[in-house]
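Here is what each chain is made of, one letter per residue.
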Amino acid sequence: MRLAGKKIISLVHHDFEDLELWYPILRLKEEGAIVHLAGEKANETYIGKYGVPAVSDYDYGSIEAEDYDAILVPGGWAPDKIRRFPEVISLIQSMEETKKPIGQICHAGWVLISAKILAGKNVTSTPGIKDDMENAGATWIDEAVVVDGNLVSSRRPPDLPDYLRELITVIEKR
C-alpha cells in the first residue's frame, strides 16, 4: 500500500472519458489512497462518454488544495467544461505553486492551459491538442507518459498502465 494515507481529488464533469477517470481512481485506491471526486455540484451523477456514471463527493468550490496530496484531471470532453470554473483554475494553480502532483491525460491538458501553468513544462496529451499545449508554452513529447517535476501527463487509454506507474511513484515521493 504505497499511498496509504494520501488524499487525492479527481475532477469530474459530464462526458469524461470513462477509463481515464475510473482506471486511475481504482489503481490509486488499490495503493491505499483516499480518492474523492469533485464536480460542479456535490452528490451529482455525471455520465461518461460511454455511459459509466460517477457521483461527485464535493463541488469544485468546497475543495482546498491544502487538504489533498495530488489532483487528477481526466480526459474526454469534460475538460472543456471543467476549465470554465474559476475555482478549478485556482485549485490547479495552488497545486502547482506547492508542487503537489498533478495528473492529466488526453484532453485534460485544456484545464492546465486555462490555469496557465504549462510554460516551460514538458508534457504529452492526445495529439489533437498538441498545438494548444505548445501555444501555452509547453514542449510536447509524443510518449505514453511524460513526467516533469510534479506534473504527470499521458496521451490516451492504452497508455494508462504507464501513466499510473509514474503517477503513483510521483505521489509516493511527495
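Bear in mind the structure is a predicted one, so any value in this text is a computation, not a measurement.

Thresholds, definitions, all that
- Residues numbered from 1 in each chain as written.
- Predicted model: local features only at pLDDT ≥ 70, side-chain atom pairs only at ≥ 80, totals over all residues.
- Heavy atoms only, no water.
- Pairing = 2+ DSSP bridges.
- Helix = DSSP H or I, 4+ residues; strand = E, 2+ residues; numbered from the N terminus.
- Contact = heavy atoms within 4.5 Å.
- Axes fitted to C-alpha atoms, helices over the stretch in contact; angles between N-to-C directions.
- Core = buried A, V, L, I, M, F, W, Y, C linked by side-chain atoms within 4.5 Å.
- Buried < 20%, exposed > 50% of the residue type's maximum accessible area, 1.4 Å probe, protein only.
- Salt bridge = Lys/Arg side-chain N within 4 Å of Asp/Glu carboxyl O.
- UniProt positions renumbered as here; feature names shortened; annotations may be inferred.

## Remarks on the sheet that holds strand β7 (residues 102-105)
Strand order in the open sheet made by the seven strands is β5-β2-β1-β6-β7-β11-β10, with mixed pairing throughout. Among the strands making up the open sheet, the edge pair consists of β5 (58-59) and β10 (145-148). Bridge analysis of strand β6 (residues 70-73) against β7 gives three bridges, and the strand direction is parallel. Across the sheet, the residue bridging to valine 73 is glutamine 104, located in β7. Here helix α1 (residues 18-30) sits on the sheet and contacts β1 (7-11), β2 (34-39), β6 and β7; the angle it forms with β2, its principal contact strand, is near 150°. Those strands touched by helix α6 (residues 160-173) are β1, β6, β7, β10 and β11 (151-154), and its axis lies near 175° from that of β11.

## Some details on the nonpolar core
Counting 57 residues, the largest nonpolar core has Leu11, Leu28, Ile92, Leu118 and Tyr163 as its most contacted members. It is α6 that provides the largest number of residues to this core, a total of seven residues. Ignoring anything within four residues of it in the chain, the contact list for leucine 11 reads Leu21, Ala38, Tyr60, Ile71, Leu72, Val73, Pro74, Ile82, Val88, Leu91 and Ile92.

## Here's the deal with the pattern of salt bridges
Summed over the entire model, instances satisfying the criterion amount to 12 salt bridges. One salt bridge in this structure joins aspartate 80 and arginine 84, with 2.8 Å as the shortest N-O distance. Accessibility expressed as a relative area gives 24% for aspartate 80, which makes it partly exposed. Relative accessible area serves as the criterion here: at 58%, arginine 84 is assigned to the exposed category. Notably, a salt bridge pairs lysine 121 with glutamate 96, separated by 3.2 Å at the nearest N-O pair. Note that lysine 121 is positioned in the loop between α4 (109-114) and β8 (122-123) and glutamate 96 in helix α3 (residues 86-97), a separation of 25 residues in sequence. By sharing partners, the salt bridges in this structure join Arg27, Glu30 and Glu31 into a single network.

## Some points on the side chain of glutamate 31
Its location among the elements puts glutamate 31 in the loop between α1 and β2. Judged by relative accessible area, which is 12%, glutamate 31 ranks as buried. Setting aside chain neighbours within four positions, we find glutamate 31 in contact with Met1, Arg2, Leu3, Ala4 and Ile168.

## Some points on the UniProt feature "domain: DJ-1/PfpI" (unreviewed entry) in the protein
Here, the residues flagged by UniProt with the feature "domain: DJ-1/PfpI" (unreviewed entry) are residues 6-168. The span residues 6-168 carries 31% helix and 24% strand; its end-to-end C-alpha distance comes to 11 Å.

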